[in-house]
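Coordinates in review
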Amino acid sequence: MSSDDRIAKAASFLLHSPPGEVDDVFNDIRGIVNDDDALQAQIEPVLAESNMQQFLVVEVPGQQSTVLLTPYNQVSESRYLDPNTGTVFTFDHLRRIASAPEAYDNSADENEELRAALQTHLDQYVANHYTNGSVSVFAHEGAVVSCIVSNKFSPGNFWNGSWRAVWSFNPAMAQLNGSAKVRVHYFEDGNVQLDTQSDFAGDIEAGRDVAKKVAKMIGQFEADFQQGINDGYRQLAERTFKGLRRTLPVTRNKIDWEKIANYKIGGELAHAEI
C-alpha cells in the first residue's frame, strides 16, 4: 500500500467521527500520519464530505444569516449558496472560514416561492421544538429539500449528540420523503453509541397552503421518530436489561435476616487478627 493510500484510509476515519469530535479524530490522524503537507492534500475533500454530512452551520459572510452546508446547496467544489439572502460564498473546510460572498439571483427557480414559504414555516417549527436547532430549505433538482440539524455537545460530561433530518418534497408528485437520524456518543470509562435512523414517506394534499401542510407532516414524522426512540429506551430498561440479570432461585422459605447478620459477624471475627 502506497503512502497516499494509507493517508487516504486514515483520513476516511473522519467520516465516522461521532458528533462534535471531528477535531479530536483529525488530531489523532495528524499524529499517525506525521506529515501535515501530505495530509492536507488528502484531507480537504474528506473534510468537505464530513461537514456536509454533519450539516455544519455556517455564518454567511457579509450577511446576518446562517446556512447549513449540504450537498443540496453546493454549487461548485468549494462554493455554497444561501438562498435566503441570495449569496454564494467560498468555504475553507480545513480552517472553517467562509469568504468571497457574491450576489446570486435564484428568483427564476420555479420552486423559489414554495421554498421561501416552507423556510418560514420550518423556522417557526424549529424555534418551537429545538433548543439548538437550525434549518435550511433549498430548491434542488425539481424538489424542495429541507435540512434540519440540532447538536448538543457536552465533552466535559463525556457525551455528545446530534439530530439530523432531511426532507424532500416533490411538487409534481405531491409527495414528501425523508429520514431522521440521531447519533449520541457517551465515552466516560467506555465507548457507548446510539445510532438510529428512520425513513418516512407521505402524500401532501394539493390545494392552498402546501408549504404549511409539508411543515406539518414533517413535524408529525419527527414526533413519531422521537416517540419511537422513547419507547425503545423504555423497553430496553423494562425488558432487555432485566433479562440480563441473573435470576435468583426461589426456595419459598422465609429469610432469617438475624441469622445472616450473625454469619457475617462470625465471618469477620474469624478473619480478624488477634
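Please read these numbers as outputs of a predicted model, since none were measured by experiment.

On to the sheet that holds strand E3 (residues 79-82). In spatial order, the strands read E3-E4-E5; together these 3 strands make up an open sheet with antiparallel pairing. Two strands close off the open sheet at either side, each with one partner strand: E3 and strand E5 (97-103). Across the sheet, the mean angle from the axis of one strand to that of its neighbour is 30 degrees, orientation sign disregarded. Of the strand pairs in this sheet, E3 and strand E4 (residues 87-92) are connected by 4 bridges, and their pairing is antiparallel. Across the sheet, residue Tyr80 finds its bridge partner in E4, namely Phe89.

Core analysis: the biggest nonpolar cluster contains 27 residues, and Leu118, Leu122, Ile148, Trp167 and Leu176 have the highest contact counts within it. For this core, the secondary-structure elements that each account for two or more residues are helix H4 (112-129), strand E6 (133-140), strand E7 (143-154), strand E8 (159-170), strand E9 (175-186) and helix H5 (210-244). Tallying contributions element by element places H5 first for this core, with 8 residues. In this structure Leu122 touches Val135, Val137, Ser146, Ala215 and Ile218, once residues within four positions along its chain are discounted. Counting residues in hydrophobic clusters, the runner-up holds 15 residues, among them Val67, Phe89, Val145 and Val166.

This part takes up the layout of surface pockets. Space inside the largest pocket adds up to approximately 510 Å³. In terms of lining residues, the largest pocket is bounded by 22 residues, among which Tyr130, Ser150, Trp163, Val182 and Gln226 are the most central. The greatest single-element share of the lining of the largest pocket, amounting to 7 residues, is contributed by H5. Partitioning the lining of the largest pocket into residue classes produces 10 nonpolar, 10 polar and 2 charged. Volume-wise, the second largest pocket comes out at about 280 Å³. Lining the second largest pocket are 15 residues, with Gly20, Val22, Leu56, Arg96 and Phe153 positioned closest to its centre. Looking at the lining of the second largest pocket, the elements with two or more residues in it are helix H2 (22-33), helix H3 (36-53) and E7. Among the residues making up the lining of the second largest pocket, the classes are represented as 7 nonpolar, 5 polar and 3 charged.

Unlike most non-glycine residues, Phe55 shows phi in positive territory, near 55 degrees. For Phe55, the position within the fold is in the loop between H3 and strand E1 (57-59).

The strand order across the open sheet formed by 5 strands is E6-E7-E8-E9-E10, and the pairing between neighbours is antiparallel. Each edge of the sheet is formed by a strand with only one pairing partner; in this case those strands are E6 and strand E10 (192-203). Averaged over all neighbouring strand pairs, the angle between strand axes comes to 10 degrees, with direction disregarded. Sheet analysis places E7 next to E8, joined by 11 bridges and oriented antiparallel. Bridging across to E8, Ser154 finds its partner in Trp159.

Cut-offs used in this document
- Residues numbered from 1 in each chain as written.
- Predicted model: local features only at pLDDT ≥ 70, side-chain atom pairs only at ≥ 80, totals over all residues.
- Heavy atoms only, no water.
- Pairing = 2+ DSSP bridges.
- Helix = DSSP H or I, 4+ residues; strand = E, 2+ residues; numbered from the N terminus.
- Axes fitted to C-alpha atoms, helices over the stretch in contact; angles between N-to-C directions.
- Core = buried A, V, L, I, M, F, W, Y, C linked by side-chain atoms within 4.5 Å.
- Buried < 20%, exposed > 50% of the residue type's maximum accessible area, 1.4 Å probe, protein only.
- Contact = heavy atoms within 4.5 Å.
- 1 Å grid on protein atoms, 1.4 Å probe; cavity = no way out; pocket = protein on both sides within 12 Å on 5 of 7 lines; lining within 4 Å.
- Points joined across faces, edges and corners; volume = space filled by probe spheres on them.
- Nonpolar A, V, L, I, M, F, W, Y, C, P; charged D, E, K, R; others polar.

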